[in-house]
Amino acid sequence: MTADPRFFDVAGPFTLAQLAEMTESALADGANGAIELAGIAPLEVAGPSDLSFLENKRYLPSFLETKAGACFVHPAFADRAPAGTEVLLSKKPYRAYALAAQAFFPKQQTVAGISDRAVVDPGARIDPSASVAAGAVIEAGVEIGPRARIGANAVIARNVVVGADSAVGPGASLTHCLIGARVTIYAGARIGQDGFGFAMDADGHLRIPQTGRVLVEDDVEIGANSTIDRGAGHDTIIRRGAMIDNLVQIGHNVEVGAGSVLVAQSGVAGSTKLGDFVVLAAQTGLAGHLRIGTGAKLAASSGVMRDIPAGEEWAGTPAMPARKFWRNYAKLMKLLEGKG
Amino acid sequence: MTADPRFFDVAGPFTLAQLAEMTESALADGANGAIELAGIAPLEVAGPSDLSFLENKRYLPSFLETKAGACFVHPAFADRAPAGTEVLLSKKPYRAYALAAQAFFPKQQTVAGISDRAVVDPGARIDPSASVAAGAVIEAGVEIGPRARIGANAVIARNVVVGADSAVGPGASLTHCLIGARVTIYAGARIGQDGFGFAMDADGHLRIPQTGRVLVEDDVEIGANSTIDRGAGHDTIIRRGAMIDNLVQIGHNVEVGAGSVLVAQSGVAGSTKLGDFVVLAAQTGLAGHLRIGTGAKLAASSGVMRDIPAGEEWAGTPAMPARKFWRNYAKLMKLLEGKG
Amino acid sequence: MTADPRFFDVAGPFTLAQLAEMTESALADGANGAIELAGIAPLEVAGPSDLSFLENKRYLPSFLETKAGACFVHPAFADRAPAGTEVLLSKKPYRAYALAAQAFFPKQQTVAGISDRAVVDPGARIDPSASVAAGAVIEAGVEIGPRARIGANAVIARNVVVGADSAVGPGASLTHCLIGARVTIYAGARIGQDGFGFAMDADGHLRIPQTGRVLVEDDVEIGANSTIDRGAGHDTIIRRGAMIDNLVQIGHNVEVGAGSVLVAQSGVAGSTKLGDFVVLAAQTGLAGHLRIGTGAKLAASSGVMRDIPAGEEWAGTPAMPARKFWRNYAKLMKLLEGKG
């Protein structure tokens, strides 16, 4: 399968030996390190010039029939490769594949410089190696770091800082926030607006000024049309390496731990704190003022009303430990359907 | 009821006979084909110059008291019309009403041409009959078809194709995608950005380059602030006539079948394939790698973890056949509340 | 705690006596009205120059140890204040705190005038005291009231009215709507686009022209990336003082009652009417054509399929009265887990 050349610039080809070196993997016994690979593809559509991977046993049948020229495989499955498919050994085949894919599809270089159709306040400091696209609006006091890219029609409000090698997508808007290095903010994301804070009152709700910021550490991703409100007094903090998908809502004063993964349409209410490497599957909702321990995982669609200890998997609404949830579910089905 | 003339240009009036012809409906016996109708309105607010419809027996009481000048009605209810309301017979009254409404409110014509406040790369090919509004940014290699309309501050990235008679709303952004004819993309929709693909790793998640596209076939609608990620290797595909509401998330490699309807805030995780005419009610969530058969329907708020056969209606989280869900629900209520 | 001066201009300091007057609260016996406060902060981080509040008994331990210079407290807890913390008496401490916070952090003044990088149709009427930021697009016939502020890259379509002192955030888009006074519309909100109305048909769904408007009354807030469709024939109406959070979906013909609060990612399907002071917690979903009575409250993640009487609290999917929901839940857990 070939990536559409209208949209992708492909590097390579690379030899199998080069790819092994780039991906911290090893040539299997007898593999021909000199063959050239021109691209990457899933097992079932890969051809002789493509590199693929087998991560999950579930896809073993596809592996047995793949036409891929080469494949990253865990050593345990190496001898199952079909004839014609060279094997690169890796204990983390998907990670190796990611590295290879990054080699074939390097991040597109943007030409440095400020579009003459951008609107940049003279008091903004834009690194000469950064790029600012047409229609972007950069207010006074903004700092844009080396090689950072500001997309078309994005809006960067007063005094916001965007770190080195970070990218802000088309139409996104940033205010009251400090963005680290190598952060990717996708199109339409909204960062730093007022949190949803007011004193409810029958005579009219009274707005509480939201006097915190949003701090986004290095290597974070924030998906398209996601919203991250600034803190009400404390800051809202997204720690290093967190991955936030599309249409996710992060309330004021929330902390998202390092390496956490928040899948699409999940939401975290105000002042809740996620430890590192927490996973919220899609459409998960967390009430406010909770503590979710390091490495905890929430099943899709779950609704969380209580603190979750580190390392636990929870599911359901109201959420409970997943093992208990599924055991209860099985009992309930038996009770209602008379099975078993 | 009159549509606000500040916002709507109304065509007509039309005679009852003209309307019958435009809408594939028939004048009831004795109906006066010469009377003129000036607009459309729901039964309960329609006046003597308005055309209305009765689709659902539930609204029969409103029909019996309507002041509408004329009404599309199924033949079975034709003789229930109040005095003063002429009857147009149709087996699909709502469809006939839609056709009449389109006649009264034709799509607003946009003046062809490129705003001198748009930013259009000289390498883009814009059909002379297309329109590009102020603030829109059109990058190199983009093709905009005949009579297509690009809204204010929309961003169309490198080499994207927008087909004839399609419309892109204000502030929407398109990249890595091919858009068919007569497609409507509403304000703020985000199409073609990277899918949420990375190799999770405690040393830092590794991004997988997303090397597919988004293919949107003819006659599709994509709602405001919805997000459709491009494929990871395969393409993400939205087939002909699919209707996608606001704030919907479509993950990478997803296929949405022809004529499918995805109501607001529903989400489809990566690589799931919907057959034709699937209906996802509001806030439905589908896990990844599923197959949802042709014509399957999901109840609102359901969470789907399994494949669904064609034609079935499912409900609940985890979703199950709706009949079973409701039977279980009734049993459970009886069990807990001692009823019955 | 000090608000980041890059992002916030702080008024004051104010004396305790001044603050009492501004906030309709009273100096406690023996309080020193002459001390000066420079800012606001939560109990646990406040210092001697900060003003704080105790609203909820749950935070009494923080109150007992606070270092705040002064604190709004209900009279019942006034004598529990630690030494060094002056007391301002209020029966609504959070409301008083909101008023004080507004005094310390007055709304930022925007310089009146139209950016020469905005695109304003000569037929638009912009009050001279209003401001229009760079990249904003204002179409013909639009009216912008006194002191209203239109953010960068916002799009205001033909004949839309924005009332006095209202604000439209960056990148938001408005069409077919009339916006009252003191309304805040956050970044990326989409107001007035077509509702999701069509006659479903195997030969192709037929669009129903959506001929209503969105009416937004005074003092409303609409969160970032939220979407409010215009009416299909009736209007969609958001009544005075309603607060709508981020990523909320409001379907066509919906009415949201005065003072209602719709928390993030909630959704209301077409033609449903909320009474005044209804609360939808996060991720709530309401089916179409429902009536939700005045003061009704929905628990987070609930899915509502029936009308709800005034004043009731409901929970679950399908939603039922919360008391019943929780009683059933306890019974079910006992049944499944053999407890009690």
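Residues numbered from 1 in each chain as written. Chains lettered and ligands numbered in written order. Predicted model: local features only at pLDDT ≥ 70, side-chain atom pairs only at ≥ 80, totals over all residues. Heavy atoms only, no water.

Participant: Describe the overall build of chain A, listing the residues and the values that go with them.
Facilitator: A count of helical and extended segments in chain A gives 4 helices and 40 strands. In terms of overall dimensions, chain A has C-alpha extents of about 75 × 70 × 30 Å along its principal axes. In chain A, buried positions account for 60% of the 340 residues. Considering only contacts in chain A between residues 6 or more positions apart, those separated by 24 or more positions represent 20%. With an accessible surface of roughly 13000 Å², chain A has 54% of that area assigned to carbon and sulfur atoms. (Helix = DSSP H or I, 4+ residues; strand = E, 2+ residues; numbered from the N terminus. Buried < 20%, exposed > 50% of the residue type's maximum accessible area, 1.4 Å probe, protein only. Contact = heavy atoms within 4.5 Å. Areas by Shrake-Rupley, 256 points an atom, 1.4 Å probe, with all protein chains shown as cover.)

Participant: An account of the environment of K331 of chain C is needed here, citing residue identities and associated values.
Facilitator: Among the secondary structure elements, K331 of chain C is positioned in helix 4 (residues 322-337). C-alpha separation for the pair K331 of chain C and I150 of chain C, spaced 181 residues apart in sequence, amounts to 54 Å. Discounting residues that sit within four places of it in the chain, K331 of chain C has contacts with L336 and E337 of chain B. One polar contact links the side chain of K331 of chain C to the main-chain carbonyl oxygen of L336 of chain B, over a distance of 2.5 Å. (Polar contact = N/O pair within 3.5 Å; in protein donor to acceptor, adjacent residues only side chain to side chain.)

Participant: Kindly report on the packing of aromatic side chains, identifying the contributing residues and their values.
Facilitator: With the rule as written, the count across this model stands at 27 aromatic pairs over all chains. Pairing F8 of chain B with F105 of chain B gives two aromatic rings, centres 6.1 Å apart and planes at 80 degrees, and the pair type is edge-to-face. Placement of F8 of chain B in the segment before strand 1 (14-15) and of F105 of chain B in the loop between helix 3 (93-104) and strand 8 (113-114) is noted, with a sequence separation of 97 residues between them. Of the two residues, F8 of chain B and F105 of chain B, both sit in the buried class. One aromatic cluster is present, built from ring pairs that chain together F53, Y94 and Y97 of chain A. (Phe/Tyr/Trp six-rings, centres within 6.5 Å; stacked < 30°, edge-to-face > 60°.)

Participant: An account of helix 3 (residues 93-104) of chain C is needed here, citing residue identities and associated values.
Facilitator: All names here are of chain C. Relative to the 16 Å expected for 12 residues at 1.5 Å per residue, helix 3 spans 16 Å between its end C-alpha atoms, a close match to the ideal helical length. Counting buried positions over the 12 residues of helix 3 gives 10, a clear majority of the element. For helix 3, the complete set of buried residues consists of P93, R95, A96, Y97, A98, L99, A100, A101, A103 and F104. (Expected span 1.5 Å × (residues − 1).)

Participant: So what about the interface of chain C and chain B? Which residues, and what values?
Facilitator: Counting residues at the interface gives 64 residues for chain C and 60 residues for chain B. Overall, the association of chain C and chain B removes approximately 4700 Å² of surface from exposure, summing both partners, and the carbon and sulfur fraction of that is 61%. Across the contact surface, chain C and chain B share 5 salt bridges. Ionic pairing is found between D201 of chain C and K92 of chain B, a salt bridge with its closest N-O pair at 3.0 Å. For the pair chain C and chain B, the interface holds 23 residue pairs in polar contact (both at pLDDT 80 or more). Class assignment of the residues belonging to the side of chain C that touches chain B gives a composition of 24 nonpolar, 28 polar and 12 charged. (Buried area = accessible area lost by both parts, 1.4 Å probe. Salt bridge = Lys/Arg side-chain N within 4 Å of Asp/Glu carboxyl O. Nonpolar A, V, L, I, M, F, W, Y, C, P; charged D, E, K, R; others polar.)

Participant: Any details on the relation of the copies chain C and chain B? Residues and values, ideally.
Facilitator: When chain C is fitted onto chain B, the two copies agree to an RMSD of 0.1 Å after a turn of 120 degrees and an axial shift of 0.0 Å. One copy is carried onto the other by what is essentially a three-fold rotation axis. By residue overlap, the copies meet through two different surfaces: only 16% of the interface positions of chain C are interface positions in chain B. (Least-squares fit on C-alpha atoms with pLDDT ≥ 70 in both.)

Participant: Could you give an account of the relation of the copies chain A and chain B, naming the residues involved and the relevant values?
Facilitator: Each copy superposes on the other: chain A lies on chain B with an RMSD of 0.1 Å after a rotation of 120 degrees and an axial shift of 0.0 Å. Mapped onto chain B, only 17% of the interface residues of chain A again fall at the interface, so the copies present different surfaces.

Participant: Please give an account of the interface of chain A and chain B that cites residues and values.
Facilitator: Taken together, the contact pairs 60 residues of chain A with 64 residues of chain B. For chain A, the biggest contributors to the area lost against chain B are R6, F7 and L336 of chain A; these three give 14% of the whole. At the boundary of chain A with chain B, the tally comes to 5 salt bridges. Here R95 of chain A and D201 of chain B are joined by a salt bridge, their closest N and O atoms 3.5 Å apart. Our enumeration of links across chain A and chain B arrives at 25 residue pairs in polar contact (both at pLDDT 80 or more).

Participant: Let's hear about the packing of helix 4 (residues 322-337) of chain A against helix 4 (residues 322-337) of chain B: which residues, and what values?
Facilitator: Two elements in contact, helix 4 of chain A and helix 4 of chain B, have axes whose closest approach is 10 Å; the angle formed by their N-to-C orientations is 90 degrees. Judged on the interaxial angle alone, helix 4 of chain B and helix 4 of chain A are roughly perpendicular. Each of L332, M333, L335, L336 and E337 of chain A in helix 4 of chain A lies in contact with helix 4 of chain B, whose residues at this interface are K324, N328, K331, L332 and L335 of chain B. In terms of residue class, the contact of helix 4 of chain A with helix 4 of chain B is built from 6 nonpolar, 1 polar and 3 charged. (Axes fitted to C-alpha atoms, helices over the stretch in contact; angles between N-to-C directions. Parallel < 35°, antiparallel > 145°, perpendicular 65-115°, else oblique.)

Participant: Break down the side chain of H252 of chain B for me, citing the residues and quoting the values.
Facilitator: All names here are of chain B. Secondary-structure assignment places H252 in the loop between strand 29 (249-250) and strand 30 (255-256). Side-chain polar atoms of H252 contact the side chain of Q210, separated by 2.6 Å. Those residues in contact with H252, other than ones at most four positions away along the chain, are G195, F196, G197, Q210, D229, R230, G231, A232, T236, G270 and S271.

Participant: Kindly report on the pattern of salt bridges, identifying the contributing residues and their values.
Facilitator: Tallied over the entire structure, the rule returns 48 salt bridges over all chains. E221 of chain C is paired through a salt bridge with R207 of chain A; the nearest N and O atoms lie 2.7 Å apart. Of this pair, E221 of chain C sits in strand 25 (residues 221-222) while R207 of chain A sits in strand 23 (residues 206-207), which puts the two residues in different chains. According to the relative accessible area criterion, E221 of chain C is buried, its value standing at 8%. Classification of R207 of chain A as buried rests on a relative accessible area of 14%. The shortest N-O distance in the salt bridge between R213 of chain A and D4 of chain C comes to 2.9 Å.

Participant: Tell me about the domain arrangement of chain A, and please be specific about residues and values.
Facilitator: For chain A, the domain assignment lists domain 1 (14-104) and domain 2 (175-340). One C-alpha centre belongs to domain 1 of chain A, the other to domain 2 of chain A, and the line joining them spans 36 Å. (Domains from an automatic or database assignment.)

Participant: Just give me the short version of the sheet that holds strand 21 (residues 190-191) of chain C, but keep the residues and values in it.
Facilitator: Residues and elements named next belong to chain C. Taken together, the 10 strands give an open sheet; going across it, the order is 9-12-15-18-21-26-29-32-35-38, and neighbouring strands pair in parallel fashion. Edge positions in the sheet fall to strand 9 (119-120) and strand 38 (303-304), since each has one partner strand and no second. Sheet analysis places strand 18 (residues 173-174) next to strand 21, joined by 2 bridges and oriented parallel. Bridge pairing in strand 21 links S173 to R190. (Pairing = 2+ DSSP bridges.)

Participant: How would you sum up the sheet that holds strand 39 (residues 313-315) of chain A? Please name residues and give values.
Facilitator: All names here are of chain A. Sheet architecture is open: 12 strands sit in the order 8-11-14-17-20-25-28-31-34-37-39-40, paired in mixed fashion. Taken across any chain shown, the strands that pair with only one partner, and hence form the sheet edges, are strand 8 (113-114) and strand 40 (320-321). Inspection of the sheet shows strand 31 (residues 261-262) paired to strand 34 (residues 279-280) by 2 bridges, in the parallel sense. Across the sheet, the residue bridging to V261 is V279, located in strand 34.

Participant: Which residues make up helix 4 of chain C, and what values do they have?
Facilitator: The end-to-end C-alpha distance of helix 4 of chain C is 22 Å, a good match for the 22 Å that 16 residues give at a rise of 1.5 Å each. Inspection of helix 4 of chain C places A322, F325, N328, L332, M333, L336 and E337 of chain C among the buried residues, and these make up the whole buried set. On an axial view of helix 4 of chain C, the arc spanned by its buried residues comes to 140 degrees, and they lie on one face. On its buried side, helix 4 of chain C packs onto strand 40 and helix 4 of chain A, helix 4 of chain B together with strand 39 (313-315) and strand 40 (320-321) of chain C. (Arc of directions from axis to C-beta.)

Participant: Give me unusual backbone geometry: which residues, what numbers.
Facilitator: Following G12 of chain B, the chain continues into P13 of chain B via a peptide bond in cis, with omega recorded as 0 degrees. Secondary-structure assignment places P13 of chain B in the segment before strand 1. For the bond from T317 of chain B to P318 of chain B, the omega torsion is -5 degrees, close enough to zero to count as cis. With a phi close to 70 degrees, S271 of chain A is a non-glycine residue in the positive phi region. On the secondary structure map, S271 of chain A appears in the loop between strand 32 (267-268) and strand 33 (273-274). Phi at R182 of chain B is positive, roughly 55 degrees, even though this residue is not glycine. Along the chain, R182 of chain B turns up in the loop between strand 19 (177-179) and strand 20 (184-185). Residue classification places R182 of chain B among the partly exposed positions, given a relative accessible area of 42%.

Participant: So what's going on with the environment of L178 of chain A? Residues and values would help.
Facilitator: Structurally, L178 of chain A can be placed in strand 19 (residues 177-179). With 19 residues separating them in the primary sequence, L178 of chain A and N159 of chain A have C-alpha atoms 8.8 Å apart. Residue contacts for L178 of chain A: discarding those within four places in its chain leaves V161, R213, V214, L215 and V216 of chain A together with R6 and F7 of chain C.

Participant: An account of the environment of P93 of chain A is needed here, citing residue identities and associated values.
Facilitator: All names here are of chain A. Mapped onto the elements of the fold, P93 is located in helix 3 (residues 93-104). With 45 residues separating them along the chain, P93 and I138 place their C-alpha atoms 42 Å apart. If we skip the residues at most four places from it in the chain, P93 touches F53, L54, E55, F72, V73 and H74.

Participant: Tell me about the pairing of strand 5 (residues 50-54) of chain C, residues and numbers included.
Facilitator: All names here are of chain C. Counting buried positions over the 5 residues of strand 5 gives 5, a clear majority of the element. Here strand 5 shows no split at all, with D50, S52 and L54 on one side and L51 and F53 on the other all buried. In the sheet, strand 4 (residues 39-40) pairs with strand 5 via 2 bridges, with the strands oriented parallel. Its bridge partner lying in strand 5, G39 is registered against D50. Sheet topology places strand 5 next to strand 6 (residues 70-73); 4 bridges connect them, and they run parallel. Among the inter-strand pairings, L51 is bridged to a residue of strand 6, identified as A70.

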